[in-house]
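# Survey of secondary and tertiary structure
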Protein chains: 2
Amino acid sequence: MRMIAVDAMGGDYAPEEIVKGAVDAVISDGIGVILVGSEKQVREELRKYSYPDNLISVVHASESIGMGEHPAKSVRRKKDASLVVAARLVKSGQAAAFVSAGNTGAMMAASLFELGRIPGIERPGIATVLPCPDGLPRVLIDSGANADAKARQLVQFAYLGSAFAKSVLKIEDPRVALLSVGSESSKGNEVVIEAHQLLQDAGDLNFAGNVESRELMTAGVDVVVCDGFVGNITLKAVEGIATALMGMIKEELTKNPLRAFGGILVKPGLKEMAKKMDYSEYGGAPLLGVNGISIICHGTSRARAVKNAVHYAHQAVTSDLLGMMRRGLE
Amino acid sequence: MRMIAVDAMGGDYAPEEIVKGAVDAVISDGIGVILVGSEKQVREELRKYSYPDNLISVVHASESIGMGEHPAKSVRRKKDASLVVAARLVKSGQAAAFVSAGNTGAMMAASLFELGRIPGIERPGIATVLPCPDGLPRVLIDSGANADAKARQLVQFAYLGSAFAKSVLKIEDPRVALLSVGSESSKGNEVVIEAHQLLQDAGDLNFAGNVESRELMTAGVDVVVCDGFVGNITLKAVEGIATALMGMIKEELTKNPLRAFGGILVKPGLKEMAKKMDYSEYGGAPLLGVNGISIICHGTSRARAVKNAVHYAHQAVTSDLLGMMRRGLE
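What comes next is a walk through the structure.

About the thresholds
Residues numbered from 1 in each chain as written. Chains lettered and ligands numbered in written order. Predicted model: local features only at pLDDT ≥ 70, side-chain atom pairs only at ≥ 80, totals over all residues. Heavy atoms only, no water. Helix = DSSP H or I, 4+ residues; strand = E, 2+ residues; numbered from the N terminus. Rg over C-alpha atoms; globule rule 2.2 N^0.38 Å. Buried < 20%, exposed > 50% of the residue type's maximum accessible area, 1.4 Å probe, protein only. Contact = heavy atoms within 4.5 Å. Buried area = accessible area lost by both parts, 1.4 Å probe. Nonpolar A, V, L, I, M, F, W, Y, C, P; charged D, E, K, R; others polar. Least-squares fit on C-alpha atoms with pLDDT ≥ 70 in both. Salt bridge = Lys/Arg side-chain N within 4 Å of Asp/Glu carboxyl O. Patch = residues over 30% accessible without salt bridge, like charges linked within 9 Å, V, L, I, M, F, W, Y side chains within 5 Å. Areas by Shrake-Rupley, 256 points an atom, 1.4 Å probe, with all protein chains shown as cover. Phe/Tyr/Trp six-rings, centres within 6.5 Å; stacked < 30°, edge-to-face > 60°. Disulfide = S-S within 2.5 Å. Core = buried A, V, L, I, M, F, W, Y, C linked by side-chain atoms within 4.5 Å. Pairing = 2+ DSSP bridges. Right-handed = clockwise from strand over helix to strand, strands pointing away. Arc of directions from axis to C-beta. Axes fitted to C-alpha atoms, helices over the stretch in contact; angles between N-to-C directions.

Moving on, we come to the overall build of chain A. Helix and strand counts for chain A stand at eleven helices and eleven strands. Taking 330 residues into account, the globule formula puts the C-alpha radius of gyration at 20 Å, and chain A, at 20 Å, falls close to it. If one aligns the C-alpha atoms of chain A with their principal axes, the spans along those axes are about 65 × 60 × 35 Å. By the burial criterion, 60% of the 330 residues in chain A qualify as buried. Restricting the contact set of chain A to residue pairs at least 6 apart, pairs at least 24 apart contribute 71%.

The next subject is the interface of chain A and chain B. The interface of chain A with chain B comprises 48 residues on the first partner and 49 residues on the second. Taken together, both faces of the contact between chain A and chain B bury some 4,500 Å²; the carbon and sulfur share is 72%. The largest share of the area that chain A buries against chain B comes from Arg214(A), Phe229(A) and Met248(A), three residues that together contribute 14% of it. Mapped onto the side of chain A that touches chain B, the elements with two or more residues apiece are strand 7 (175–180), helix 7 (190–201), helix 8 (228–252) and helix 9 (257–276) of chain A. The element best represented in the side of chain A that touches chain B is helix 8 of chain A, accounting for 18 residues. In terms of residue class, the side of chain A that touches chain B is made up of 26 nonpolar, ten polar and twelve charged.

What follows covers the relation of the copies chain A and chain B. Once chain A has been moved 0.0 Å along the axis and rotated by 180°, it coincides with chain B to within an RMSD of 0.0 Å. Here the copies are linked by what is in effect a two-fold axis. Taking the C-alpha atom as reference, chain A places Gly262(A) closest to the rotation axis, 2.0 Å from it. A share of 100% of the interface residues of chain A reappears at the interface of chain B, consistent with the copies meeting face to face through the same patch.

A separate point is the side chain of Thr128(A). Residue and element names in this part refer to chain A. Among the structural elements, Thr128 can be located in strand 5 (residues 125–130). Given the relative accessible area of 11%, Thr128 is considered buried. Discounting residues that sit within four places of it in the chain, Thr128 has contacts with Arg138, Val139, Leu140, Ser143, Leu235 and Ala285.

All right, on to the pattern of salt bridges then. Taken as a whole and assessed by the stated rule, the structure comprises 28 salt bridges over all chains. Residue Glu45(A) pairs with Lys48(A) through a salt bridge whose shortest N-O separation is 2.7 Å. Glu69(B) is the salt-bridge partner of Lys78(B), the closest N and O atoms lying 2.8 Å from each other. When its relative accessible area of 14% is taken as the criterion, Lys78(B) is described as buried. For Glu69(B), a relative accessible area of 23% corresponds to the partly exposed category.

On to a nonpolar patch on the surface. There is a patch of nonpolar side chains on the surface, built from Phe261(A), Ile264(A), Phe261(B) and Ile264(B) and spanning about 430 Å² of accessible area. Counting residues per element, the ones that place at least two in the nonpolar patch are helix 9 of chain A together with helix 9 (257–276) of chain B. Topologically, Phe261(B) is positioned in helix 9.

Aromatic ring pairs are defined here through the distance separating the ring centres and the angle between the ring planes. For the structure on display, the rule yields three aromatic pairs over all chains. Ring geometry for Phe261(A) and Phe261(B): centres 6.5 Å apart, planes at 75°, overall edge-to-face. Of this pair, Phe261(A) sits in helix 9 while Phe261(B) is found in helix 9, placing the two residues in two different chains. For Phe261(A), a relative accessible area of 42% corresponds to the partly exposed category.

Here the structure, examined in full by the defined rule, presents zero disulfides over all chains. Free of any disulfide, Cys297(A) has its nearest neighbouring cysteine sulfur in Cys132(A), separated by 20 Å. In this model Cys132(B) remains outside any disulfide bridge; the closest cysteine sulfur is found in Cys226(B), 14 Å from its own. Look at Cys132(B) and you get buried, because its relative accessible area is 3%.

This paragraph deals with the nonpolar core. Ranked by size, the top nonpolar core spans 190 residues in total, and within it Leu35(A), Phe164(A), Val225(A), Leu35(B), Phe164(B) and Val225(B) carry the most contacts. In this structure, Leu35(A) is in contact with Val6(A), Ala8(A), Val19(A), Ala22(A), Val42(A), Leu46(A), Ile56(A), Ser57(A), Val58(A) and Val59(A), ignoring residues within four places of it in sequence.

A regular strand carries its side chains on alternate faces of the sheet. Residues and elements named next belong to chain B. Burial within strand 2 (residues 33–37) is extensive, with five of its five residues counted as buried. Here strand 2 shows two buried faces, one formed by Val33, Leu35 and Gly37 and the other by Ile34 and Val36. Where strand 1 (residues 4–7) and strand 2 come together, four bridges link them in parallel fashion. When the sheet's bridge partners are listed, Val6 is paired in strand 2 with Leu35. Following the chain from strand 1 across helix 1 (residues 16–29) to the adjacent parallel strand 2, one finds a crossover that is right-handed.

Looking now at helix 2 (residues 39–46) of chain A. It helps to recall that an α-helix has 3.6 residues per turn; residues three or four apart then point in one direction. Residue and element names in this part refer to chain A. When we look at burial in helix 2, the residues that qualify are Val42, Glu45 and Leu46. For helix 2, the angular spread of the buried residues around the axis is 100°, confining them to a single face. Buried residues along helix 2 sit in contact with helix 1 (16–29), strand 2 (32–37) and strand 3 (56–60).

Attention now goes to the sheet that holds strand 6 (residues 138–141) of chain B. Residue and element names in this part refer to chain B. Spatial ordering of the open sheet is given by 3-2-1-4-11-10-5-6-9-7-8, a layout of eleven strands whose pairing is mixed. With one partner strand each, in any of the chains shown, strand 3 (56–60) and strand 8 (206–212) form the two edges of the open sheet. In this sheet, adjacent strand axes meet at a mean angle of 25° when their direction is disregarded. With two bridges joining them, strand 10 (residues 285–288) and strand 11 (residues 293–296) adopt antiparallel strand pairing. When the sheet's bridge partners are listed, Ala285 is paired in strand 11 with Ile296. Here helix 5 (residues 104–115) sits on the sheet and contacts strand 4 (97–100), strand 5 (125–130), strand 10 and strand 11; the angle it forms with strand 11, its principal contact strand, is near 175°.

The subject of this paragraph is unusual backbone geometry. All names here are of chain A. For the bond from Ala14 to Pro15, the omega torsion is -5°, close enough to zero to count as cis. The topology assignment puts Pro15 in the loop between strand 1 (3–7) and helix 1. In this model, Ile141 is joined to Asp142 through a cis peptide bond whose omega is 10°. Following the sequence through the fold, Asp142 ends up in the loop between strand 6 (138–141) and helix 6 (151–167). Backbone geometry at Lys170 places phi at a positive 60°, although glycine is not the residue there.

Here we come to the sheet that holds strand 3 of chain A. Residue and element names in this part refer to chain A. A sheet is described by the order of its strands in space; here eleven strands give the open sequence 3-2-1-4-11-10-5-6-9-7-8, paired in mixed fashion. Bordering the open sheet on either side are strand 3 and strand 8 (206–212), each of which pairs with just one other strand. The sheet shows a mean angle of 25° between the axes of neighbouring strands, direction not considered. With five bridges joining them, strand 7 and strand 8 adopt parallel strand pairing. Residue pairing across strands places Ser180 opposite Glu212, the latter belonging to strand 8. Along the sheet face, helix 10 (residues 303–318) touches strand 1, strand 2, strand 4 (97–100), strand 5, strand 10 (285–288) and strand 11 (293–296) and points at about 155° away from the line of strand 11.

Right, here's the structure in full:
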């Protein structure tokens, strides 16, 4: 039985929602979970539920890292912080993967310090699965781990994203694209133009050329590569406009009684749409390139997102994501 | 009377829609226009309308530049291309500004070659006015003129955008922000972190710190500064997701008869919403930093967008945008 370590103290709704999500994953999917955090608090939460005893264990951690703390410094100083202990469980082999909704920077630092990098990787990248209107996922890597990237690091992201799409998303021969401002190889900033050339020369990747952000969610590609600055800005722009539009719809649909009545009729449709675009469906984003499975959840994650993240971590383990990444980079 | 030169041959719907838009601007706003292009074709289009004769003149240009042509090369080779001739009219003082929906790169090249740059500006930037849900405009600069930018060039964009917001948008003391991945001054890529410091030290700018793309359309700022690669990707991401969401809404609202009926009731609301977000309202984006008024329209511009662009160019002239930019950079 491969257990998934869960940082019970990380995130805005820890430990309540984190423990609840972990228990849900145990019950619905039979996944084994190690909850890491204040044993007293975690056991208190666990008392609320009934679950198979053998599938949940608790590992005590006396500290936790706050959302505002300096990532590298806090990880170095707090050796017994819940997310550091969780990372160490993966390193020692007691857990096969770990999940945290805590401080993203600290999560990256703990993953790097404890697990190290896969040979051939200079910097790990965060892979975010975009829920798209056509129901097909697109992987955006790097969506925020490193603000600056060199061309060869974008190529490394391409290999990581491709391995992830193959193993976890079960896409046979993932089409990898480069995010740019035009489809021609001459379009882009200096780093992207150089990366385009390198990717074209990389025989073992299914490189589909450049893709524009306009078609990020509709293009016939599976993996979209960019640096973490551009990726993070793109991701948040999409989130922001989606939220703004849904807000505008709500406002317009309550402006007068006739529209409000129409609004009631179309509400199920809008709900289905919101569900299709719901990021918590995917539960978390893996930090690819570290030598172990590390899943980063949004700080605002509630039980549902945590449950999905545990499920996701489990999938990454059973589909041998790590082996696939290592082989891809040989 | 300050005339606005309009490239009659540029854009997907030239010359029909371009001439129509120019005539509309003449009739509704009393703006004087010089149409530049094949005299025969332009006169043929003009015969469709009646308008005050003294407000429209035609300047013949024997060539035009296609959408796929190499910007700098085509501008250098085709001395009598419509958009080059239009730029030259501004240089010679016969026109006060010029507008084109043609090849964007060629438009930039012609503006640079013919008009030169404002002292203190190394690279001009495209300023796009984002139509936002709250009805307040936000200026995004650079939205695509230069893929790479140095920190000091981002500062130049800040001055240009601020002058534009003051003069054309009549915002008294424009709040200028830097697009980044977090609000702290330490967040961003190397160039952005350096630019943040420079902007903080620039006493004559109302610098509001960093803004994230998530709040691009809601933040309490007037001008958002970024390099052209990030700006173009952000802009197209917003466009793409808005289009995708509107498509999904349509689909969901026709899934069954009940929803379709509800859809009819809410349709006016959705239309009002689409109008609020309609980019053609603003008609064009000025290339700021060149020594003259140059307005770039989308290649797909129809009459309405062209009319608004001419109106916009006229506003830029009467509000002394050029003088404001020059003084801002002194």
